[in-house]
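Structural overview for review
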Amino acid sequence: MERVDVAIVGGGPGGTAAAHAAASADADALVLEKGVPRADRERLGPDSTDAAGILDYWVDIMGIHPDEFDDGVVQQELTRAEFRGPDAAATLVDTGFDSSYDGFGYTFHRARFDDWMRDRAEDAGAEYRVGVSVRDVGTDRSLGPGDDEPRHVVELASGDEVGADFLVLADGPQRTVTNRVLDGFLPEGSRASDRLAPPDANHIAYQEYRRVPEAVFEEVHDALVFWWGVMPGETAYPWIFPNRDRVCRIGLTMPIGLDIDAFDADAYELLSADDDSIPTGSEYIRRLLEWQYGDEYDVETDFPIVEEAGKRDGTETYPISSTRPIDSPTEAGIAVVGGAMGTTSAFHEGGDHVAVRTGAIAGELVAAGDLAAYNRRWKEAIGDEIVRNVTMADMVAEYDPDDWNRVIAAADAMLTAEAGDGLLAQPYRSGWESAKLLLAYKWNKRKTKRHYVSIDEHEYRY
Ligand SMILES: Cc1cc2nc3c(=O)[nH]c(=O)nc-3n(C[C@H](O)[C@H](O)[C@H](O)COP(=O)(O)OP(=O)(O)OC[C@H]3O[C@@H](n4cnc5c(N)ncnc54)[C@H](O)[C@@H]3O)c2cc1C
């Protein structure tokens, strides 16, 4: 049987960061990626679905400055994020965090970014094997690193097996392998899939690559634009992220399985009284563009879909779930990283920086032969970021369009009161609503901080 120090399941940013870190410290690292065909990549590579925006302080969390990338990875440098409610709007020009990156953030070409991450790992000595699907992993708990027999045996769909002393699970938020492996370490009756992807928190993400008119691109080429309170459901919102050559990613996330009868169609800009089911992702985007630009443009002809971009025919669909992160069963030599460990939040999709960082920590520890510090190390590195995201997502879970108007107007007042100091920085000068928003955020954050890990390391049985 083939034998490596560390087998890494999944070749996205989490997996390639782990491989790079492990190989850089001389470990024998093998990435196993099933391979997803994409219109915008010639060789087979990872899935690479992404709105692909990075904020300034995420650069430091990721630990890679965009100047290091190959040409063509960075698409646009950003100056701001715009939050538009049904009748209110706020523009954020500063995240309020110190960072080594000078601008507000950037957008990037996700397939090229993944290619760069793969090349970097291979240059460090890792092997990236693509077109191999992992079916399952068997672990012999009596074995450890250095034993003659491998602790983990990774079963491939081809029937081949790979033996490894350490296992890094980086199979993304669908967690097909992660769920199965973790079930073996949880007490009777507790299943990882129930804990990581509860049915009421499952979302679908859908986006289209559209070439937009010159004047529209001029307006949005350096901004991330989000609309809130215009479609029903928890953390359901559309966005526009600018790429190059007048192309924008126009997308949305929404919960799966909403019942149209539970909502008042008149309250949501993107619903129609004639709807007898929740609109599809593509219908929502058509309505968004009609609503925003229909007066001046013919949306079908002036905003064409760019068929050679994205995954297929200029579109991408991806299931995501809004979960809280989990600890890993490190005593068994296993680290779960990135989307697989629940760092992807359906609230803001902000996950590449935390995927890279958690992967890099796991790879470094694996190469040193001891994963014991992993659960502490990832909390030190990304705990604050996750707590902020979980807090905000929880606070807005039940918001309706009126709540969004109120909150966005309060945020706008805060930003106007102290331009340049970041959201939530100077609420008291900007009115009662702003102060209430800040206090609620602080209160909820303190509560969240105590319980934001959805599977604690003490729950694992060895
Ligand atoms: C629509 C959308 C918009 C987003 N926008 C942003 C954004 O603006 N900014 C941001 O930072 N993040 C964003 N994200 C989140 C970001 O894409 C994720 O956080 C990131 O991809 C996680 O990286 P990962 O390596 O953990 O997982 P993934 O990138 O999901 O990679 C997992 C890999 O594992 C492979 N795999 C799965 N199962 C197997 C198996 N059995 N055998 C072999 N290989 C397997 C898959 O093919 C895939 O390539 C967005 C996500 C979506 C869906």
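Nothing here was measured: the structure is a model prediction, and the numbers come from that model. (Residues numbered from 1 in each chain as written. Predicted model: local features only at pLDDT ≥ 70, side-chain atom pairs only at ≥ 80, totals over all residues. Heavy atoms only, no water.)

**A word on the environment of Glu 234**
Here is the rule we go by: Put simply, DSSP H or I for four residues or longer makes a helix, DSSP E for two residues or longer makes a strand, and each gets a number counted from the N terminus. The criterion used for residue contact is that any of the two residues' heavy atoms lie within 4.5 Å.
By the secondary structure assignment, Glu 234 is in the loop between β13 (223-227) and β14 (237-242). For the pair Glu 234 and Glu 398, spaced 164 residues apart in sequence, the C-alpha separation works out to 6.5 Å. With sequence-adjacent residues up to four places away left out, Glu 234 is seen in contact with His 203, Pro 255 and Ala 397.

**Observations concerning the environment of Leu 143**
Structurally, Leu 143 is set in the loop between β9 (134-139) and β10 (152-156). Between the C-alpha atom of Leu 143 and that of Ala 126, which follows or precedes it by 17 residues, the distance is 24 Å.

**What to know about the sheet that holds strand β4 (residues 74-78)**
What counts, and what does not: We treat two strands as partners when DSSP finds at least two bridges between them. Only C-alpha atoms enter the line fits that serve as axes; for helices the fit covers just the stretch in contact. Angles between N-to-C directions range over 0 to 180 degrees.
With antiparallel pairing, 3 strands are arranged side by side in an open sheet as β3-β7-β4. Each edge of the open sheet is held by one strand with a lone partner, namely β3 (53-55) and β4. The mean inter-strand angle of the sheet, taken between neighbouring strand axes irrespective of direction, is 20 degrees.

**What to know about the packing of aromatic side chains**
Any pair of aromatic rings gets described here by the distance separating the centres and the angle formed by the planes. This is how the line gets drawn: By convention, a stacked pair of Phe, Tyr or Trp rings (six-membered ring in the case of Trp) has centres within 6.5 Å and planes under 30 degrees apart, an edge-to-face pair has planes over 60 apart, and any other such pair is tilted. Each residue's exposure class comes from its accessible area (1.4 Å probe, protein chains only) as a fraction of the maximum for that residue type: buried when under 20%, exposed when over 50%, partly exposed otherwise.
The final tally for this structure, using the stated rule, is 21 aromatic pairs. Arranged with centres 6.4 Å apart and planes meeting at 65 degrees, the rings of Phe 69 and Tyr 106 form a pair that is edge-to-face. On the criterion of sequence distance, the pair formed by Phe 69 in the loop between α2 (56-62) and β4 and Tyr 106 in strand β7 (residues 105-108) is long-range, its members being 37 residues apart. Given the relative accessible area of 8%, Phe 69 is considered buried. The buried category is assigned to Tyr 106, whose relative accessible area is 1%. Aromatic side chains Trp 378 and Tyr 452 sit 6.4 Å apart centroid to centroid with 90 degrees between the ring planes, which places their arrangement in the edge-to-face category. Residue Trp 378 is located in helix α10 (residues 374-396), and its partner Tyr 452 is located in the segment after α12 (432-450); the two are separated by 74 residues in the primary sequence. Looking at Trp 378, the relative accessible area reads 0%, which means it is buried.

**Description of the packing of helix α1 (residues 13-24) against helix α3 (residues 110-123)**
Inclusion rule: Each angle receives one of four descriptions, namely roughly parallel if under 35 degrees, roughly antiparallel if over 145, roughly perpendicular if within 65 to 115, and oblique otherwise. What makes a crossing left-handed is the near helix being turned counterclockwise from the far one by less than a right angle; a clockwise turn instead makes it right-handed.
Relative orientation of the contacting elements α1 and α3 amounts to 20 degrees, with a least axis distance of 8 Å. Judged by the inter-axis angle, α1 sits roughly parallel to α3. Relative to α3, the crossing made by α1 is left-handed. Where α1 abuts α3, its residues Pro 13, Thr 16, Ala 17, Ala 19, His 20 and Ala 23 lie against Arg 110, Phe 113, Asp 114, Met 117, Arg 118, Arg 120 and Ala 121.

**Details of the environment of Arg 244**
The condition that has to hold: We call two N or O atoms a polar contact when they sit within 3.5 Å, provided that within protein one can donate a hydrogen and the other can accept it, with sequence-adjacent residues counted only if both atoms are side-chain atoms.
Its place among the elements puts Arg 244 in the loop between β14 and β15 (247-255). Residue classification places Arg 244 among the partly exposed residues on the basis of a relative accessible area of 35%. When the C-alpha atoms of Arg 244 and Phe 104 are compared, they prove to be 17 Å apart, with 140 residues separating the residues in sequence. When residues no more than four places from it in sequence are discounted, the contact partners of Arg 244 are Gly 72, Val 74, Gln 75 and Gln 76. A polar contact is formed between the side chain of Arg 244 and the backbone oxygen of Val 74, at a distance of 2.7 Å.

**What about a negative patch on the surface?**
Note the cut-off: Patches were defined on residues exceeding 30% relative accessible area and lacking a salt bridge, with like-charge contacts within 9 Å and nonpolar side-chain contacts (Val, Leu, Ile, Met, Phe, Trp, Tyr) within 5 Å. Only the protein chains shown count as cover for residues, and the accessible areas themselves come from Shrake-Rupley with a 1.4 Å probe. For this document, the term salt bridge refers to a Lys or Arg side-chain nitrogen within 4 Å of an Asp or Glu carboxyl oxygen. Charge counting treats Lys and Arg as positive and Asp and Glu as negative, with His and both chain ends excluded. Note on charges: their place is set at NZ of Lys, CZ of Arg, CG of Asp or CD of Glu.
Judged by side-chain charge, Asp 87, Glu 269, Asp 400 and Asp 402 come together as a negatively charged surface patch. Along the chain, Asp 400 turns up in the loop between α10 and α11 (401-417). Overall, Asp 400 belongs to the partly exposed group, its relative accessible area being 32%.

**Here's the deal with the pattern of salt bridges**
Inspection of the entire model under this criterion finds 28 salt bridges. As a salt-bridge pair, Asp 222 and Arg 80 come within 2.8 Å of each other at their nearest N and O atoms. With Asp 222 in the loop between α6 (214-220) and β13 and Arg 80 in strand β5 (residues 80-84), the pair connects residues that are 142 residues apart, well separated along the chain. Residue classification places Asp 222 among the buried positions, given a relative accessible area of 14%. For the salt bridge of Glu 208 with Arg 210, the shortest nitrogen-to-oxygen distance reads 2.8 Å. The structure contains a network of salt bridges with shared partners spanning Arg 41, Arg 43, Asp 115 and Asp 119.

**Side note on the domain arrangement of the protein chain**
Selection rule: Throughout, the edges of the domains are those of an automatic or database domain assignment. Here the quantity called buried area is the total loss of accessible area, with a 1.4 Å probe, experienced by two parts when brought into contact, counted for both.
Domain assignment breaks the protein chain into domain 1 (2-77 + 101-198 + 323-390), domain 2 (199-320) and domain 3 (399-450). Distance from the C-alpha centre of domain 1 to the C-alpha centre of domain 2: 29 Å. If you look at the interface, domain 1 gives 31 residues, while domain 2 gives 30 residues. Across the domain 1 to domain 2 interface the summed buried area is about 2,300 Å²; carbon plus sulfur atoms make up 54%.

**Considering α3**
Just so we agree on the cut-off: Expected span of a helix, by definition, is 1.5 Å for each gap between consecutive residues, and there is one gap fewer than residues.
Taking 1.5 Å as the rise per residue, α3 with 14 residues should run 20 Å; its terminal C-alpha atoms sit 20 Å apart, in good agreement. Taking burial as the measure, the 14 residues of α3 include 10 buried ones, the bulk of the element. Restricting attention to buried positions, one finds in α3 the residues Arg 110, Ala 111, Phe 113, Asp 114, Asp 115, Trp 116, Met 117, Arg 118, Arg 120 and Ala 121. For α3, the secondary structure elements touched by its buried residues are α1, α2, β7, β8 (127-130), β15 and α9 (352-367).

**So, the pairing of β7**
Of the two faces of β7, the one lined by Gly 105 and Thr 107 and the one lined by Tyr 106 and Phe 108 are each fully buried. Note: β3 against β7, 3 bridges, orientation antiparallel. Note that in β7 the partner of Gly 53 across the bridge is Thr 107. Judged from the 4 bridges that link them, β4 and β7 form a sheet pairing that is antiparallel.

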